[in-house]
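Listed below, chain by chain, are the residues.
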Amino acid sequence: MAAFLTASLVLFLLGFSSKVVAEGQRNITAEPGDNVILTCRADENKDVIVVEWSRTDLESDQYVVVYRDKRFYPEGQSPSFRNRVDLLDVKNRDVSLVLKNVTTDDTGTYECRVVQGGNNRRKRSLLDTDPICIINLIVEAGQRNITAEPGDNVILTCRAAENKDVIVVEWSRTDLESDQYVLLYRDNKLNPGAQSLSFRNRVDLLDVKNRDVSLVLKNVTTDDTGRYECRVVQGGNNRRKRSILKTEPICTINLRVKQGNQDGGNKDGQKEDGGSCTGWIVGFIVLAIASILLAAVGVVLLRQRQRYSSPRSD
């Protein structure tokens, strides 16, 4: 009996321990362009001396943000986080990481380590303490839905990361051939080669110099319905094949082009003829029925008048 109770207690403790570890790693999902807060608090009754946020896939001598001696240290900070990160309220021991304008490249496991009170000495490498917070951040393109009517000009909104120059932008549609695309921007200009003929002279980028890679699609038709994906290359190496970029899209948008609420209409967006023709037919039928009813009422009244007006015999 004692052995059974001991075994049960061990299993319970193991189960409890694994549950605590699992709950310690929180998961956060965001979309490109969002501002994200990775929540973390230090112990209440000790001053915060050092805060270091790291990401497990960075180089050992790089970090996300370091706060020490009541200021931030840019040395050793990963360039991708420059001018994009902050701590929420470190004076009140809220060491939550504020990460602005996230991209898919920000996906990863973030760890927060702190030193409170006492000795401030440490190396530039990661703090030799266990993290007080572990957060898994997943940044993935949300599938937004846009509905338009034939003839509309549509903007498929998408922004690239702030602190990197845009080298390549490619908008594709999932139902096109693998060697075709909607729009390709490269070497500071649009490249018409292999562009689908249906998009020639109808597409543009909104403001690529300021990293706004939104697609402007003019005079849409029902044939433009589909799922559009935007991929970018920022900074660094520009070499790539003419085929679709081998990266995850930073934006995915479902565009649906359909006729308005009127009946009829045609593919070119002229919606008047079908609806108005049906209206004329219905109006004519109603007018004809009303005329017949009025004529019948008139005949009845006339007969009654003739009956009462004729002379009675003695």
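For every chain, the first residue of the written sequence is number 1, and numbering continues from 1 along that sequence. Local features in this predicted model are restricted to residues of pLDDT 70 or higher, and side-chain atom pairs are both shown and tallied only at a pLDDT of 80 or more, whereas totals for entire chains, interfaces and linings draw on every residue. The basis for the side-chain values is all heavy atoms of the structure; hydrogens and waters are excluded.

**Student:** Please provide a residue-by-residue account of the overall build of the protein, values included.
**Tutor:** Here a helix means four or more residues in a row that DSSP labels H or I, a strand means two or more in a row labelled E, and each is numbered from the N terminus. Helices and strands together make up the secondary structure of the protein, namely two helices and 18 strands. With a 1.4 Å probe rolled over the protein chains alone, any residue whose accessible area is under 20% of its type maximum counts as buried; one over 50% counts as exposed, and the rest are partly exposed. Taking all 314 residues of the protein together, 36% fall into the buried category. Contact between two residues is taken to exist if any of their heavy atoms lie within 4.5 Å; hydrogens are not considered. For the protein, the share of sequence-separated contacts (at least 6 apart) that also reach a separation of at least 24 residues comes to 64%. The protein chains shown are the only cover counted for residues, whose accessible areas, like all others here, come from Shrake-Rupley with a 1.4 Å probe. For the protein, the exposed area adds up to about 19900 Å²; of that, 52% sits on carbon and sulfur atoms.

**Student:** Pulling in residues and values, what's your account of the sheet that holds strand 10 (residues 143–148)?
**Tutor:** Two strands pair if DSSP finds at least two bridges between them. Pairing within the open sheet is mixed, and its six strands lie in the order 10-18-17-12-13-14. The open sheet is flanked by strand 10 and strand 14 (189–190), the only strands paired with a single partner. The pairing of strand 17 (residues 226–234) with strand 18 (residues 251–257) spans five bridges and is antiparallel. Of the residues in strand 18, the one forming a bridge with arginine 227 is asparagine 254.

**Student:** Let's hear about the sheet that holds strand 16 (residues 212–217): which residues, and what values?
**Tutor:** Across a sheet, strands are paired by hydrogen bonds formed along the backbone, either parallel or antiparallel in direction. Ordered by their spatial adjacency, three strands build an open sheet running 11-16-15, and the pairing between neighbours is antiparallel. At either margin of the open sheet sits one strand with a lone partner, and together these are strand 11 (154–156) and strand 15 (203–207). Ignoring which end each strand starts from, the neighbouring axes of this sheet average 35° apart. To get an axis, a line is fitted to the C-alpha atoms, and for a helix only the part in contact is used. The angle between two axes follows their N-to-C directions and goes from 0 to 180 degrees.

**Student:** Can you lay out the pairing of strand 4 (residues 65–68) for me, pointing to particular residues and giving the numbers?
**Tutor:** Residue alternation in strand 4 divides its side chains into two sets, Val65 and Tyr67 and Val66 and Arg68, and both sets are buried. Both strand 3 (residues 48–55) and strand 4 contribute to a ladder of four bridges, which runs antiparallel. Within the sheet, the bridge partner assigned to valine 50 lies in strand 4 and is arginine 68. Two elements, strand 4 and strand 5 (residues 71–72), share two bridges in a ladder whose sense is antiparallel. In the strand pairing of strand 5, arginine 68 is matched with arginine 71. Hairpin connection, strand 4 to strand 5: the antiparallel pair is bridged by two residues, and aspartate 69 has positive phi, about 55°.

**Student:** Residues and numbers for the nonpolar core, please.
**Tutor:** It is characteristic of soluble globular proteins that their nonpolar side chains tend to be buried jointly. The definition of a nonpolar core used throughout is a set of buried Ala, Val, Leu, Ile, Met, Phe, Trp, Tyr and Cys residues joined through side-chain atoms within 4.5 Å. Formed by 28 residues in total, the largest nonpolar core has its most connected members in Val169, Trp171, Val182, Val213, Leu215, Tyr228 and Cys230. Secondary structure elements with two or more residues in this core: strand 11, strand 12 (166–173), strand 13 (183–186), strand 15, strand 16, strand 17 and strand 18. Looking at this core element by element, the count peaks at four residues for strand 18. By size, the runner-up hydrophobic cluster in this structure holds 27 residues, among which are Tyr67, Leu87, Val95 and Val102.

**Student:** I'd like to hear about the environment of serine 78, residue by residue, with values.
**Tutor:** The topology assignment puts serine 78 in the loop between strand 5 and strand 6 (85–89). For the pair serine 78 and aspartate 61, spaced 17 residues apart in sequence, the C-alpha to C-alpha distance is 9.1 Å. Beyond its immediate chain neighbours, meaning those up to four positions away, serine 78 contacts Leu58, Gln62 and Tyr63.

**Student:** Describe the state of the cysteines, naming the residues involved and giving the relevant values.
**Tutor:** Cysteine sulfur atoms are paired as a disulfide whenever they fall within 2.5 Å. Within the structure shown, the criterion is met by two disulfides. Here cysteine 40 pairs with cysteine 133 through a disulfide, and the sulfurs are 2.0 Å apart. Taking the sign of the S-S torsion, about 90° here, the bridge from cysteine 40 to cysteine 133 comes out right-handed. Here cysteine 40, found in the loop between strand 2 (36–38) and strand 3, pairs with cysteine 133, found in strand 9 (residues 133–139); they are 93 residues apart in sequence, far enough to count as distant. Just as cysteine 40 is buried, cysteine 133 falls in that class too.

**Student:** Report on the confidence of the model for the protein, specifying residues and quantitative values.
**Tutor:** The quantity called pLDDT is the predictor's confidence in a given residue, expressed from 0 to 100. Summary statistics for the protein give a mean pLDDT of 78 and a share of 75% for residues scoring 70 or more. In this model, residues 1–23 is a region of pLDDT below 50 whose contacts with residues beyond four sequence positions or in other chains number zero contacts. Segment residues 120–126: pLDDT under 50, and 19 contacts once partners within four positions in sequence are set aside and those in other chains are kept.

**Student:** Break down a nonpolar patch on the surface for me, citing the residues and quoting the values.
**Tutor:** Among the surface-exposed residues, Ile285, Ile289 and Leu293 lie close enough to one another that they form a single nonpolar patch of about 290 Å² accessible area. Within the element layout of this structure, isoleucine 285 appears in helix 2 (residues 272–309). To count toward a patch, a residue needs a relative accessible area above 30% and no salt bridge. Like charges then connect within 9 Å, nonpolar side chains (Val, Leu, Ile, Met, Phe, Trp, Tyr) within 5 Å. Whenever a carboxyl oxygen of Asp or Glu lies within 4 Å of a side-chain nitrogen of Lys or Arg, that contact is scored as a salt bridge.

**Student:** Give me the lowdown on the pattern of salt bridges, citing residues and values where you can.
**Tutor:** Applying the stated criterion across every chain yields a total of 12 salt bridges. Where aspartate 165 meets arginine 211, a salt bridge forms, and the shortest distance between an N and an O atom there is 3.6 Å. On the criterion of sequence distance, the pair formed by aspartate 165 in the loop between strand 11 and strand 12 and arginine 211 in the loop between strand 15 and strand 16 is long-range, its members being 46 residues apart. For aspartate 165, a relative accessible area of 54% puts it in the exposed group. Salt-bridge contacts for glutamate 229 lead to arginine 231; the nearest nitrogen and oxygen are separated by 3.0 Å. Both residues of the pair, glutamate 229 and arginine 231, count as buried. Three or more residues are tied together by salt bridges with common partners; here these are Arg41, Glu44 and Asp94.

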